[in-house]
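Residues per chain, in single letters:
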Amino acid sequence: MSRKLRGQPYSKAQCVSLPELLATIRACRVCAADLPLGPRPLLQVAKTARVLLIGQAPGRQAHQSGIPWNDLSGMRLRQWMGIDEEVFYDASRIAIIPMGYCYPGTGQHGDLPPRRECSDLWLKRLLEQLPYIELTLLIGAYAQRHFLADSRQSPLTETVKRWQEYAPRYFPLPHPSPRNQGWLKKNPWFEQQLLPELRLQISSLLKQ
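Enquirer: Can you tell me about unusual backbone geometry, naming the residues and giving the values?
Expert: The peptide bond linking Ser-154 to Pro-155 adopts the cis configuration, its omega dihedral lying at 5 degrees. The residue Pro-155 is located in the loop between helix 6 (141-148) and helix 7 (156-161) in this model. The omega torsion across Ala-167 and Pro-168 is 5 degrees, close enough to zero to call that bond cis. Secondary-structure assignment places Pro-168 in the loop between helix 7 and strand 6 (170-173). Phi at Trp-69 is positive, roughly 60 degrees, even though this residue is not glycine. Looking at Trp-69, the relative accessible area reads 12%, which means it is buried.

Enquirer: Tell me about the environment of Arg-26, and please be specific about residues and values.
Expert: The topology assignment puts Arg-26 in helix 1 (residues 18-26). Classification of Arg-26 as partly exposed rests on a relative accessible area of 39%. Each C-alpha atom, one on Arg-26 and one on Pro-41, is 5.4 Å from the other, the two residues being 15 residues apart in sequence. Looking at Arg-26, its side chain comes within polar contact range of the main-chain oxygen of Leu-43, at 3.0 Å.

Enquirer: Tell me about the confidence of the model for the protein, and name the residues and values.
Expert: The share of residues in the protein with pLDDT of 70 or more is 92%, and the mean pLDDT across the chain is 92. Ignoring residues within four places in sequence, the model shows residues 1-13, a span with pLDDT below 50, making 14 contacts including any to other chains.

Enquirer: Report on the nonpolar core, specifying residues and quantitative values.
Expert: Ranked by size, the top nonpolar core spans 28 residues in total, and within it Leu-53 and Phe-190 carry the most contacts. At the level of secondary structure, the elements contributing two or more residues to this core comprise strand 1 (51-54), helix 3 (72-81), helix 4 (85-88), strand 2 (94-96), strand 5 (135-139), strand 6, helix 8 (181-186) and helix 9 (189-207). At 8 residues, the largest contribution of residues to this core is made by helix 9. Filtering out sequence-adjacent residues up to four positions away, Phe-190 remains in contact with Trp-80, Val-160, Leu-173, Pro-174, Trp-183, Leu-184 and Leu-195. Leu-22, Leu-43, Leu-121 and Leu-123 belong to the second largest nonpolar core, which has 26 residues in total.

Enquirer: So what's going on with the packing of helix 3 against helix 9? Which residues, and what values?
Expert: Between helix 3 and helix 9, whose axes approach to 8 Å, the crossing angle comes to 75 degrees. For the element pair helix 3 / helix 9, the angle class is roughly perpendicular. Of the residues in helix 9, those in contact with Gln-79, Trp-80 and Met-81 of helix 3 are Phe-190, Leu-195, Leu-198, Arg-199 and Ile-202. Taken together, the residues that form the contact of helix 3 with helix 9 break down as 6 nonpolar, 1 polar and 1 charged.

What counts, and where the lines are drawn
Residues numbered from 1 in each chain as written. Predicted model: local features only at pLDDT ≥ 70, side-chain atom pairs only at ≥ 80, totals over all residues. Heavy atoms only, no water. Helix = DSSP H or I, 4+ residues; strand = E, 2+ residues; numbered from the N terminus. Buried < 20%, exposed > 50% of the residue type's maximum accessible area, 1.4 Å probe, protein only. Polar contact = N/O pair within 3.5 Å; in protein donor to acceptor, adjacent residues only side chain to side chain. pLDDT = per-residue confidence, 0-100. Contact = heavy atoms within 4.5 Å. Core = buried A, V, L, I, M, F, W, Y, C linked by side-chain atoms within 4.5 Å. Axes fitted to C-alpha atoms, helices over the stretch in contact; angles between N-to-C directions. Parallel < 35°, antiparallel > 145°, perpendicular 65-115°, else oblique. Nonpolar A, V, L, I, M, F, W, Y, C, P; charged D, E, K, R; others polar.

Here you go:
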């Protein structure tokens, strides 16, 4: 992060409403020089949302389309949640805020980690604009590290396995990437125990 901007989040006087805050975020160019495809912040937020998804960062396909979770991972995530695309992309019900808002590029073992500038500058301010969130899905290690802090287990499997300790406020999940098919086979309790409860809670909240 630029030294000039470090530790200097925007003040409430500068962003007095959610639309203004979102416009400011979508115009953000703080780390443009470090993004291989340039900045294109992807997030979905409305004040009335009751369910919040915190993931890692948009993938290349999502970046190119301008639609968060617009890939095979998103298809699996919607299956896990028991909802279709229409509901998933209804900002009035579901908020989507990744730990990093722009595609970070690819490394030797998949996409690079989300850049920290986004959470440092914007996350707290966005959460302040979401008073009705009752359920937050923490998708992957970066989200779990930020929100669960010292209560997070290591490795990620142990955190997800102890999901009942964090529910109903949080549901820690593995990343729904096709790369994790092996993990799902090794951990059948995830689909047998966690997902039915997750779908039940989501269905209940979205009906309210």
